[in-house]
Amino acid sequence: MDAIEDIRYRQSTQFRIWSYSRSKLAELRAKTNALATTHITNRLAAAQDGQPLPEFLTPQEEEKLLKFFTVELLRAAAFCELPTEIRATAAVHLRRFYVTNSVMTYSPTELLKTCLFAEKFPNTTAEEVVAGEFLLCQGIRFCFDVRHPFRALEGVILELRRLYPDERSRIDRVHAQARHILKFSPLITDAYFHYTPSQIMFAALLMADPELAERFIQRSFDFTASQASANGKTESPVKPDTEALEALQRKIVQTIKSCRELLETEPPERMDNYWGTAECNKEIRPLLRKLKKCRDPDRADLVALQRARREQAVRKDHAIKPQDDGSVFGGGLSDGAQAREAKRRKVGGALEDPFGPAL
């Protein structure tokens, strides 16, 4: 990512609002889980009349289920034949929503349909798709823009082809593999919360071909250093700082490697080798049963919740009585004032001269 692109990214809502350290994100999820547990406990206690309360999901169990539902979203997006960036944006929106909302409060099965906003879902009505629309917008704080690493990858691949024309087949293979990684691994993990699009792209490139990626990164820093030296020789006020450049290089490389380690926890092969297999079901099914028992009874059905809100709004509108012009424009009189006005008119009507008798 060049300097201009980096400045643009740091001005985006993705960086300003939806970027967290790992500890901060874990803290937010723990807080969301605790609040949901408290609210649902109160509702279930009132509804069950002394019945024992269920066991609630832990923050770690919620995170595991969120991964599962993100995979389900990606599979649904593929079924609906949606473009790559739309699939990725929908996945990021779903994961953003469940930072400050619990899967125990709102059903991920329903919200993922709203995130995709597609028409091809079997056995799904349009009302079900749009039921969580405003709720989702609130949950992601109306931050619809998502910066993805796909464009950065295309730029680097073009540069690699220019620099190494004799390695075209290798670069094409790396291109396909890196794109395959970007379409899955960052979306299932928390990469979008912790790293910039270019850092995610380079991490995928490291996974696809470490030697080629490291060669390109080193060449980029060498070019930056040579530019700094050239500025120094031309008596530019900006003098080269070799130590600072080397420290920056170590920091950036370490960040990219840290991102790669995160992506490697969910390589794209797990889409078929783990998610949906017997091994996965053995872990997920008990959590789904646990979720079913501890859902918020007032918010489990988004369609019913949306209908209730609409009916409440209609009743509120009907409760507002229409007013006459006098009330609206300030010319209305109270009952006492109206009586006095009638008496005045009666007395005034008995007089022959509206200004009184002759002196």
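Keep in mind that what you see is a predicted model, and the values were worked out from it rather than measured.

Calculation notes
Residues numbered from 1 in each chain as written. Predicted model: local features only at pLDDT ≥ 70, side-chain atom pairs only at ≥ 80, totals over all residues. Heavy atoms only, no water. Axes fitted to C-alpha atoms, helices over the stretch in contact; angles between N-to-C directions. Helix = DSSP H or I, 4+ residues; strand = E, 2+ residues; numbered from the N terminus. Contact = heavy atoms within 4.5 Å. Nonpolar A, V, L, I, M, F, W, Y, C, P; charged D, E, K, R; others polar. Salt bridge = Lys/Arg side-chain N within 4 Å of Asp/Glu carboxyl O. Buried < 20%, exposed > 50% of the residue type's maximum accessible area, 1.4 Å probe, protein only. Patch = residues over 30% accessible without salt bridge, like charges linked within 9 Å, V, L, I, M, F, W, Y side chains within 5 Å. Areas by Shrake-Rupley, 256 points an atom, 1.4 Å probe, with all protein chains shown as cover. Expected span 1.5 Å × (residues − 1). Polar contact = N/O pair within 3.5 Å; in protein donor to acceptor, adjacent residues only side chain to side chain. Core = buried A, V, L, I, M, F, W, Y, C linked by side-chain atoms within 4.5 Å. Parallel < 35°, antiparallel > 145°, perpendicular 65-115°, else oblique. Phe/Tyr/Trp six-rings, centres within 6.5 Å; stacked < 30°, edge-to-face > 60°.

With that settled, the discussion passes to the packing of helix 3 (residues 22–48) against helix 5 (residues 84–100). Packed helix pairs are specified by the crossing angle of their axes together with the interaxial distance, meaning the distance between the axes. Across the interface, helix 3 lies against helix 5 with an axial gap of 7 Å and an inter-helix angle of 65°. Contacts from L25, L28, R29 and T32 in helix 3 reach R95, V99 and T100 in helix 5. In terms of residue class, the contact of helix 3 with helix 5 is made up of 3 nonpolar, 2 polar and 2 charged.

Take the pattern of salt bridges next. Taken as a whole and assessed by the stated rule, the structure comprises 27 salt bridges. Residues K64 and E283 are paired through a salt bridge, measuring 3.3 Å at the closest nitrogen-oxygen approach. One end of the pair, K64, is in helix 4 (residues 59–79); the other, E283, is in helix 17 (residues 278–293), and 219 residues separate them in sequence. The exposure class of K64 is partly exposed, given its relative accessible area of 23%. The exposure class of E283 is partly exposed, given its relative accessible area of 36%. Taken together, the shared-partner salt bridges in this structure form one network comprising E167, R170, R173, D209, E211 and R215.

Moving on, we get to a nonpolar patch on the surface. A cluster of nonpolar side chains, F134, F142 and F144, forms an exposed patch at the surface whose accessible area comes to about 340 Å². Following the sequence through the fold, F144 ends up in the loop between helix 8 (133–139) and helix 9 (150–163).

Looking now at helix 18 (residues 302–319). With 18 residues, helix 18 extends 26 Å from end C-alpha to end C-alpha; this agrees with the ideal 26 Å at 1.5 Å per step. Buried within helix 18 are the following residues: L302, V303 and L305. Looking at the buried residues of helix 18, the elements they touch are helix 6 (108–116), helix 7 (126–130) and helix 8. Between the side-chain oxygen at the start of helix 18 and the backbone nitrogen of V303 there is a gap of 3.1 Å, and the oxygen is on D301.

With that settled, consider the nonpolar core. Counting 92 residues, the largest nonpolar core has L73, L111 and L116 as the members making the most contacts within it. Examining the composition of this core, we find that 9 residues originate from one element, helix 4, more than from any other.

Here the focus is the packing of helix 4 against helix 17. Contact pair helix 4 / helix 17: the axes reach a minimum separation of 10 Å and the direction vectors enclose 110°. Taken together, the axis directions place helix 4 and helix 17 in an arrangement best described as roughly perpendicular. Contacts from E61, K64, L65, F68 and F69 in helix 4 reach E283, I284, L287, L288, K290 and L291 in helix 17. Along the lines of polarity and charge, the residues of the contact of helix 4 with helix 17 split into 7 nonpolar, no polar and 4 charged.

With a phi angle near 60°, E81 is a residue other than glycine that sits in the positive phi range. Following the sequence through the fold, E81 ends up in the loop between helix 4 and helix 5. Judged by its relative accessible area of 60%, E81 is exposed. Positive phi values are uncommon outside glycine, yet F142 reaches one of about 60°. Position of F142 among the secondary structure elements: in the loop between helix 8 and helix 9. Residue F142 is classed as partly exposed on the basis of its relative accessible area, which comes to 47%.

Before going further, it helps to spend a moment on the packing of aromatic side chains. Both the distance between ring centres and the angle between the ring planes are used here to describe each pair of aromatic rings. Within this structure, the stated rule accounts for 10 aromatic pairs. Ring centres 6.4 Å apart and planes at 90° place the aromatic pair W18 and Y20 in the edge-to-face group. Taking the relative accessible area as the measure of exposure, W18 reaches 1% and is therefore buried. Taking relative accessible area as the criterion, Y20 reaches 14% and is therefore assigned buried.

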